[in-house]
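What follows is each chain in one-letter form.
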Amino acid sequence: MRIEFRLASLGADMESATLTEWLKQPGDRFAHGEPIVTVETAKGLIDVEAYQDGQIADLVVAPGTKVPVGAVLAHLTVADSDQTAAPVSSGAGLAPPQATEAGEPIASAGPVEAPPATGRARLSPAARRRAEELGLSPASLEQAGSATILHVADVERLATARSAAAGGSATPADPRAAMRAAIGAAMARAKREIPHYYLGLDVDYGAARDWLDRTNGRVPVQERLIDAVLITKAIARAAARIDGFNGAFRDGRFEPAHAVHAGVAIALRGGGLVAPALLDADRKDLPALMRDFSALVTRVRAGRMRSGEFSAATITVTSLGAEGADVLYPIINPPQVAIVGAGAIREQPAVRDGQIAIRPILTLALAADHRVTDGRAGSGFMRTIADVLQHPDKL
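Fair warning: this is a prediction, and the values are worked out from it, not measured in the lab.

Caption draft 1: Structural context of the overall build of the protein chain. When helices and strands are tallied, the protein chain shows 9 helices and 21 strands. Long-range contacts, defined as pairs at least 24 residues apart, comprise 66% of the intrachain contacts of the protein chain with a sequence gap of at least 6. Looking at the protein chain as shown, the accessible area adds up to about 18,100 Å², and 51% of this sits on carbon and sulfur atoms.

Right, here's the structure in full:
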């Protein structure tokens, strides 16, 4: 069957992207997970991967074209049994850019505009609030859509398209300023829409540090583990055990994830921050997770990333310990429902077995979504992380 391959959102701060290169041409076959197109966002170059096996039918968008999230990039031919994996939901309620002859790319896709309505669209409650925040009339959006339900992402795409059509600019020209603007917009949205609650916990990191020292002393330098990977694995393991912290909040309800894909905040050269995912972080052993982490950091800082790593994250881990911050109070990355910040591991007095001793202490800070969990559940989640770190040999 023939399906539409649309530009999916690769993060809450993404509104559009520029198609830079097609990695496959009409007639070429591809496998699930194979990159087929490269796009450029404020975060850098991202290879967009296929969601199933198939073949390129025709290309709709030409290289060099800037398109909003939800735009149709190409048409694919896949087996009928693969139809549920087709990435078409991101553009619900929006019309694709109009192609010319089949197989011939259009010169410029332009903004995605909705077709004349044959029915009346409805706005979800969250989408209605977002429209009001953007200064858009909900009534005009209801008339603009097709007979479907418009969600927050659809409202934001329509707002971007209208701004572009009016000659507006979604982001500043300077790439660093563009990224900062994108991050700022996403975090402002998160603070407006998500009722955050915060918890902090000091964790005795002595057992973890001793285990790391012993383990790293037995392996070559290139195979040594770092604190960040051990902490991320502990958080992922806790997220797999405790309900309500691993998943997404969409359309007024929590959707638990069936695997833990830990987004890890990585600082970019020249400024900026991204948080791609370490896939299956709770299931992989520490050496495998360390290899994945090293490869991820190398790709990100080289400006080459993969779409699956941005769209898959189910919980995020961030750290400023290397910068000397004792505590980091993070902001949730929507649509996720939790993020854990790790501060510096510092030597300080602590009571142990009734005696005062100098111990390595790690302060963890949780930001979680009050629509899904409360402080009691959050406390249990944090204690689980601490307990896991007391037994690093079991990771």
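Caption draft 2: A look at the packing of aromatic side chains. The tally for this structure, following the rule as stated, stands at 1 aromatic pair. In this structure, Arg-371 is placed above the aromatic ring of Phe-249, and the distance from its NZ or CZ to the ring centre is 3.8 Å.

Caption draft 3: Structural context of the pattern of salt bridges. Within the structure shown, the criterion is met by 14 salt bridges. Note that Arg-283 is salt-bridged to Asp-280, the shortest N-O span being 3.8 Å. Relative accessible area serves as the criterion here: at 56%, Arg-283 is assigned to the exposed category. Salt-bridge contacts for Arg-371 lead to Asp-369; the nearest nitrogen and oxygen are separated by 2.7 Å. Given a relative accessible area of 36%, Arg-371 falls into the partly exposed group.

Caption draft 4: Structural view of helix H9 (residues 375–389). With 15 residues, H9 extends 21 Å between its outermost C-alpha atoms, agreeing within 8% with the 21 Å of an ideal straight helix rising 1.5 Å per residue. Of the positions making up H9, those classed as buried are Gly-378, Phe-381, Met-382, Thr-384, Ile-385, Ala-386, Val-388 and Leu-389. Among the structural elements, strand E11 (196–204), helix H5 (206–216), helix H6 (227–241), strand E19 (315–319), strand E20 (338–352) and strand E21 (355–369) are those in contact with the buried residues of H9.

Reading guide: rules and limits
Residues numbered from 1 in each chain as written. Predicted model: local features only at pLDDT ≥ 70, side-chain atom pairs only at ≥ 80, totals over all residues. Heavy atoms only, no water. Helix = DSSP H or I, 4+ residues; strand = E, 2+ residues; numbered from the N terminus. Contact = heavy atoms within 4.5 Å. Areas by Shrake-Rupley, 256 points an atom, 1.4 Å probe, with all protein chains shown as cover. Phe/Tyr/Trp six-rings, centres within 6.5 Å; stacked < 30°, edge-to-face > 60°. Lys NZ or Arg CZ within 6 Å of the ring centre and 35° of its normal. Salt bridge = Lys/Arg side-chain N within 4 Å of Asp/Glu carboxyl O. Buried < 20%, exposed > 50% of the residue type's maximum accessible area, 1.4 Å probe, protein only. Expected span 1.5 Å × (residues − 1).

The quantities given are spatial measurements derived from coordinates; they are silent on function.
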